[in-house]
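Descriptive structure summary
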Amino acid sequence: MAQHRDSKLNLLWLQSGGCGGCTLSLLGAESPDLLTTFDSAGIRLLWHPSLSEQSASGLHELLQQIINGDIRLDLFCLEGSVIQGPDGSGLFHRLSGSDRPMRDWIHDLSKVAHYSIAIGSCAAFGGITSGGGNPSEACGLQFENSVPGGLLGESFNAIEGLPVINIAGCPVHPNWVTESLLQIAHGDMNRQELDEFNRPRSYTDHLVHHACPRNEFYEFKASAAKPSDLGCLMENMGCLGTQAHADCNIRPWNGEGSCIRGGYACINCTQPGFQEPDYSFTTTQKIAGIPVGLPTDMPKAWFIALASLSKAATPKRLRENAHADHILVTPGNRDKDK
Amino acid sequence: MSRRIIGPFNRVEGDLEVQIEFSDAKVSKAWVVSPLYRGFEQMLHGKDPMDALVYVPRICGICSVAQSVAAARAIAHAQGVDMPANGELATNLVLATENLADHLTHFYLFFMPDFARETYANEDWFTDAQQRFKAVEGSAAREVLPARAEFMHLMGLLAGKWPHSLALQPGGTSRSLETQEKARISSILYSFRQFLEQVLFGDMLENVIALDSVAALDDWVTQAAPASSDFRHFLHIAQALELQSLGRGTDRFMSYGVYALEGKPLFAAGTWDGDAGELDQAVIREDISHSWMHHQAEAKHPYDGVTQPSADQADAYTWCKAPRLDGQVMEVGALARQVVNGHPLIRDLVAQSGGNVRNRVIARLLEIALVVVEMEQWTSRIRPREPFCTHAALPDEAQGYGMIEAARGSLGHWMRLKKGRILNYQIIAPTTWNFSPRDAGGTPGALEQALIGAPLRDGEQDPVSVQHIVRSFDPCMVCTVH
């Protein structure tokens, strides 16, 4: 095969059963912007659906050259799930201008890629596209929800020896993608850098709960009851931030925000199967008044004991502010209040 | 005559194929194919209605907020709930941010790079166009991405994140703003205005908005060199390539109206075919005679619509349905919105040359100027410490629709509830209107009509004229078939 690596990494990006939102999120990369990031990582864009000039037959030729081994494929990024329906035919997504289901192109390209990367929860696990009864028979590249397999099978490794790198999220934070690509470019991506679902640990070693701006409300179980309340969103509003693996409140989204900062629940969108929570997303499921989903790693008895203790100790400030949409009671001043 | 199949079209949102027949080096017939089906309407069946607010933004990563707002309006309609003033203002700001970011992304990343293609290498304007707009390498993309990213900080402040926010609620927004945040929004808008005035327009927004006729626009263009702003640069190329005579559509335009304050939209709802008409949602029907859907006896109103995919159906060639307003093909988008609302420049452009590639792009850019000025006003009217959201229960048996304008045009959600669950949820997206297939009467959709007459340049296999016409609609294929 006429493949030799020059100093650049060739990147191909395809989209299938998804919404394109991970690309749109990625275009918002900052410090530096996306194109500068690619330059700094030595990434050459072979093709990207939103950025490249080439259209139509030019793309088919390119894909064929890659599959034939005439062009080296260092980084293969798939955004969106793999569509297998109807009835396993893959016809719910046929690559335009070709007779073949997109699934088959994805399969062939994965085999020649040095790294295969699933961009977003759809490509990783099936994601929202496999919601409801999964009408399009969608799955991820190497997982179907939390079950290994997917399109490529549990034993698949890309040429460099790694399984599909699952940059899960709905959508991805731009820096989850740029930092993972940079890690690869710098030779710093290996199995130890991936978690149990092959997500980069760079962001999944954290919980959304970390640096949550509502943490004080959480500590005292001063809970929101309706959208726009300032209180903790866990007890009533469906928030899964204490279980969700991501650093959303450590690094801001769009410079300023996060789901919780936006006043709504974390729905655990980096987790396989998040799209079917078995209850309404924005209502906390409870048994005997206690939320079913307790914080990761926390013994249930301790949680209940601490929660009842802290509820008894909730300051008036937090109790009142939790049910308001702006600060009603300001923090006191201990020196002055003596 | 053999059919030529062109696809995929990149620099559109989602996957698209166009099939064309030529005669005398011109397109004589066209078929538009949407090759991806996911089934959101099927997914929503049986769900808690509030869960629609999680699923529908994920139909589309580029019209995500628009989908949220349409769903929230449908739920609010079923509830009979109104928003407080702050809720309307914040919702408008979030929707406007998405719509303007989409217009900007379309112009710089999706549309203009086609003028840097090799097919134009011998044109005297080519070197400048290539230097400025070439995909990935041109100077414009490097300038626009940071400006766009900073503008999207409005989403961080107002909606938590973009895309896929849950801040858009039936009764307003879940994110109340404090005084200093209102100030930050103003300063981000100021910075965006500077980018627009210095880079995109080369003039004050108010001067662009004040252009009130084709003659005034022609005069404005000559006041500075083509390279002085990207809008002038485009108009210069448009004149050289006569883009006003490319991609003429049906010239029947529709807008659902958008950016309501006290319930009254800033841009009016209605139709335009040379005369203004009222919009009546009751006469919308979706025809599936040429769709890969289990066929039914007649076209249905979306309240009664059915989405049952079926890969083999005689005469079918797309997953897209064919919406019609009282039986008519309608064009939607910024051009439709502004001609319906009566902007004098747009009315004059449409009177002189109808819907075409040039006019669609002008309307989109004009709308950026129009809406930024409104966003500044909305921001100044926000009153911190007053409510942003009202709250109401949802009846177990109800129906409601949400009809708004996304960047690409008219977006409608129709929802019926039974026993507190979604019984039926039907979505008609802007590109479903523009890129619809033929209907039972054989009438082609808006793009299928607009492609007729598109010329082949010497030596071309994939005509660049088809690329221009397709992208002039700023299609969103993931919305089209959801």
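Counting its secondary structure elements, chain B contains 18 helices and 15 strands. At 22 Å, chain B has a C-alpha radius of gyration in line with the 23 Å of a compact globule built from 482 residues. Counting only C-alpha atoms and orienting by the principal axes, one finds that chain B spans roughly 65 × 60 × 40 Å. Across the 482 residues of chain B, 61% fall into the buried class. For chain B, contacts bridging at least 24 residues in sequence account for 71% of all contacts bridging at least 6.

Another point: the interface of chain A and chain B. Taken residue by residue, the interface counts 63 residues in chain A and 73 residues in chain B. When residues of the side of chain A that touches chain B are traced back to their parent elements, those giving at least two are helix H1 (21-26), helix H2 (34-41) and helix H3 (57-68) of chain A. The leading source of residues in the side of chain A that touches chain B is H1 of chain A, at 5 residues. Grouping the constituent residues of the side of chain A that touches chain B by class yields 27 nonpolar, 28 polar and 8 charged.

Here the focus is the confidence of the model for chain B. For chain B, the average pLDDT comes to 96, and 100% of its residues sit at 70 or higher. If you check the scores for this complex, the pTM reads 0.98 and the ipTM reads 0.96.

Let us now look at unusual backbone geometry. In this structure, the amide linkage connecting Cys 170 of chain A to the following residue, Pro 171 of chain A, adopts the cis form with an omega of 0 degrees. Looking at the secondary structure, you find Pro 171 of chain A in the loop between strand E9 (165-167) and helix H6 (174-185). The residue after Trp 162 of chain B, namely Pro 163 of chain B, is reached through a cis peptide bond having omega -5 degrees. Here Pro 163 of chain B is to be found in the loop between helix H7 (153-159) and strand E4 (168-169). One non-glycine residue, Ala 25 of chain B, adopts positive backbone phi at about 60 degrees. A positive phi is found at Arg 385 of chain B, a non-glycine position, where the angle reads about 75 degrees. Of note, Arg 385 of chain B is situated in the loop between helix H14 (357-381) and strand E13 (398-406).

Attention shifts here to the domain arrangement of chain A. Residues and elements named next belong to chain A. You can read the domains of chain A as domain 1 (9-204) and domain 2 (206-325). If you average the C-alpha positions of domain 1 and of domain 2, the two centres end up 31 Å apart. Across the boundary between the two partners, domain 1 contributes 20 residues, which contact 15 residues of domain 2. Mapped by element, the contributors of at least two residues to the side of domain 1 that touches domain 2 are helix H5 (120-125) and helix H7 (201-204). Of the residues in the side of domain 1 that touches domain 2, the class split is 7 nonpolar, 11 polar and 2 charged.

Parameters at a glance
Residues numbered from 1 in each chain as written. Chains lettered and ligands numbered in written order. Predicted model: local features only at pLDDT ≥ 70, side-chain atom pairs only at ≥ 80, totals over all residues. Helix = DSSP H or I, 4+ residues; strand = E, 2+ residues; numbered from the N terminus. Rg over C-alpha atoms; globule rule 2.2 N^0.38 Å. Buried ≥ 20, exposed ≤ 12 C-beta atoms within 10 Å, placed from the backbone. Contact = placed C-beta atoms within 7 Å. Nonpolar A, V, L, I, M, F, W, Y, C, P; charged D, E, K, R; others polar. pLDDT = per-residue confidence, 0-100. Domains from an automatic or database assignment.

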